[in-house]
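Read off the chains here:
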Amino acid sequence: MSSPPDAPHRTPAPRSRRSRPEWAGRNYTLLTGAAVVTNLGSHGALIASAFAVLEAGGSGGDVGLVAAARTLPLVLFLLVGGAVADRLPRHRVMVAANALNCLSQGLFALLVLTGDPQLWQMMLLTALCGTGTAFFNPAAEGMLLSTVSGEHANRAFALFRMAMNGAGIGGAALGGAMIAAMGPGWVLAVDAAAFAIAGALRAFLDVGDTPDRAPGGGLLADLREGWVEFRTRPWLWSIVLQFSVVVAVVGAAEAVYGPLVARDRLGGPAPWGLALALFGVGTIAGAVLMVAWKPRRLLLVGTLCVFPLALPSAGLAVPLPVWGLCAVMFVSGAAIEVFGVNWMTTMHQEIPEEKFSRVSAYDWFGSVSMLPLATALAGPVESAFGRTEALWGCAALVVLVTALVLLVPDVRRMTRKASVHHSGGPVGSDPAAASKAPASSAGLTPG
């Protein structure tokens, strides 16, 4: 239809330049922003909790007990959390978990700032934080990967992890500096506030176009179905077994021995925070690499990049000067990020989305199952064998189990598929588009 002769001519308004990629829609942006906020708080809080125990007169064994109290509920509740996330709206599970993390960290901060915290109190509050993480992680991974299509998955995962780990750099460095200047209590308070902000952001996720999942046969039936998906894939369970050892020994080295070495040999929390920040810089470098690099043999390349995780334990055993420790942390951060993106991409192309949270829960459960024991035993092992010997043992175990997993044929032969198409929830900025994409990572930072 033509316009009347006297109608004023209107020049079409110019289209505004998009500030984000076309595939990065509302949900992807909100999830990325929330992850940035929580990583700013949580990376500093992990350092703060260790130094809160030390400042209260605790020993290295006490630091290990508090770290174990965080991870034990994570192990106990992960499978239930995965089944719940496949039955309930995932964004609601995430918000509820963030609320619990906010409450526990807020009380921990108050305890440290206003009184003389007892070991059992710190263990109880960190256990509540670990419980929230157990429900959050499977739901979060399923939610993130339902927001991008298969063709954009590699780039989306890399950019998400780049943003998340970039925040971790600032969080670790700022946390170490704040602990030195103001004490650990204020860092824990910042972490509580970060969880509150992140939970509010996740409450605005648009799930209107997400299809309803068919009801299952009950919680136990859902867990059995997830187990079948898990155990029938040798590449999956073998790498999870590998990471049950890797996560345990790296966690013990960084949560228990790292702060002790920093206190005794490096000058306190600030240098240790700097070293952790350089690990974050390395993860960004690895993510930048993975934005452009798409290796054909996903798991072979990823597994080879697990070997450098032995370097931080070896560096603490020497111990290296601060600059040397920062260098090995950078290298290990870059390497594990290459593994992480390849792992997420593999899960994206191999696991059905409707079963993803349950499979992810088995992944998380296996990967962290030995962490509470490792952190609890770190102090007694140090007393029995010496800190240096314990750290060299951590490095040797990483090398051994990583070499063993390369014997699995599927790990060596798994290749990238040309394209992956799933059906399901919202993708990018187009609510009508559909993609289902599961993923996993070995990181332990909550929320």
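Residues numbered from 1 in each chain as written. Predicted model: local features only at pLDDT ≥ 70, side-chain atom pairs only at ≥ 80, totals over all residues. Heavy atoms only, no water.

Where an unreviewed UniProt entry is consulted, the protein chain appears under the name MFS transporter, with the organism given as Streptomyces amritsarensis. As its UniProt record puts it under Subcellular location (unreviewed entry), the protein chain is described as follows: "Cell membrane". (UniProt positions renumbered as here; feature names shortened; annotations may be inferred.)

Q: Explanation requested: the overall build of the protein chain in the structure shown.
A: Per the secondary structure count, the protein chain includes 16 helices and zero strands. Looking at the protein chain as a whole, 57% of its 447 residues are labelled buried. By sequence separation, contacts in the protein chain at least 24 residues apart represent 88% of the contacts at least 6 residues apart. By element, 66% of the accessible surface of the protein chain is carried by carbon and sulfur atoms, the whole surface being about 18300 Å². (Helix = DSSP H or I, 4+ residues; strand = E, 2+ residues; numbered from the N terminus. Buried < 20%, exposed > 50% of the residue type's maximum accessible area, 1.4 Å probe, protein only. Contact = heavy atoms within 4.5 Å. Areas by Shrake-Rupley, 256 points an atom, 1.4 Å probe, with all protein chains shown as cover.)

Q: What should I look at first to understand a nonpolar patch on the surface in this one?
A: Taken together, the side chains of Val281, Leu311, Phe330 and Val331 define a hydrophobic patch exposed on the protein surface, amounting to about 270 Å² of accessible area. Considering the arrangement of structural elements, one finds Val281 in helix α9 (residues 269-292). (Patch = residues over 30% accessible without salt bridge, like charges linked within 9 Å, V, L, I, M, F, W, Y side chains within 5 Å. Salt bridge = Lys/Arg side-chain N within 4 Å of Asp/Glu carboxyl O.)

Q: Explanation requested: the packing of helix α1 (residues 26-55) against helix α6 (residues 184-202) in the structure shown.
A: If you want to describe how two helices pack, look at the angle between their axes and the distance between the axes. Here α1 crosses α6 at 160°, and the two axes come no closer than 8 Å. By the criterion of interaxial angle, the relationship of α1 to α6 is roughly antiparallel. Note on packing geometry: the crossing formed by α1 with α6 is left-handed. Across the contact of α1 with α6, the residue classes tally to 16 nonpolar, six polar and three charged. (Axes fitted to C-alpha atoms, helices over the stretch in contact; angles between N-to-C directions. Parallel < 35°, antiparallel > 145°, perpendicular 65-115°, else oblique. Left-handed = near helix turned anticlockwise from the far one by under 90°. Nonpolar A, V, L, I, M, F, W, Y, C, P; charged D, E, K, R; others polar.)

Q: Help me understand the side chain of Arg90, please; the structure alone is not making it clear to me.
A: Mapping Arg90 onto the fold places it in helix α3 (residues 90-114). Of the polar contacts made by the side chain of Arg90, one reaches the backbone oxygen of Ala85; its length is 3.3 Å. (Polar contact = N/O pair within 3.5 Å; in protein donor to acceptor, adjacent residues only side chain to side chain.)

Q: Explanation requested: unusual backbone geometry in the structure shown.
A: With the exception of glycine, the majority of residues adopt a negative phi angle, and the majority of peptide bonds are in the trans configuration. In this chain, Val318 is followed by Pro319 through a cis amide linkage whose omega measures -15°. Along the chain, Pro319 turns up in the loop between α11 (310-317) and α12 (322-350).

Q: Looking at this model, I keep getting lost on the packing of aromatic side chains. Mind explaining?
A: How two aromatic rings sit relative to each other is given by the distance of their centres and the angle of their planes. All told, the structure shown has seven aromatic pairs when counted by the stated rule. Measuring from ring centre to ring centre gives 5.7 Å for Trp235 and Trp343, while their planes differ by 70°; the resulting arrangement is edge-to-face. You can see Trp235 sitting in helix α8 (residues 234-266) and its partner Trp343 sitting in helix α12, a full 108 residues away along the chain. A single burial state applies to Trp235 and to Trp343, both of which are buried. (Phe/Tyr/Trp six-rings, centres within 6.5 Å; stacked < 30°, edge-to-face > 60°.)

Q: Where do I start with the pattern of salt bridges in this structure?
A: Pairs can form between side chains of opposite charge once their charged atoms are near each other. For the coordinates displayed, the defined rule picks out five salt bridges. As a salt-bridge pair, Arg263 and Asp264 come within 3.0 Å of each other at their nearest N and O atoms. For Arg263, a relative accessible area of 43% translates into the label partly exposed. For Asp264, a relative accessible area of 41% translates into the label partly exposed. Residue Asp264 is joined to Arg387 by a salt bridge in which the shortest nitrogen-to-oxygen separation is 3.1 Å. In this pair, Asp264 sits in helix α8 while Arg387 sits in helix α15 (residues 387-405), placing the two residues 123 residues apart along the sequence. Through salt bridges with shared partners, a single ionic network connects Arg263, Asp264, Glu382 and Arg387.

Q: Help me out: how do you make sense of helix α14 (residues 371-385) in this one?
A: It helps to recall that an α-helix has 3.6 residues per turn; residues three or four apart then point in one direction. Compared with an ideal rise of 1.5 Å per residue, which puts 15 residues at 21 Å, α14 spans 20 Å between its outermost C-alpha atoms and is within 8% of the ideal. At Ala378, α14 is deflected by roughly 45°, the largest bend along its length, and proline Pro380 occurs up to four residues later in sequence. All buried positions along α14 are accounted for by Leu371, Pro372, Ala374, Thr375, Ala378, Gly379 and Glu382. Structurally, α14 contributes buried residues whose contacts are with α2 (60-85), α8, α13 (356-368) and α15. (Expected span 1.5 Å × (residues − 1). Bend = angle between axes of the 7 residues up to and from the residue.)

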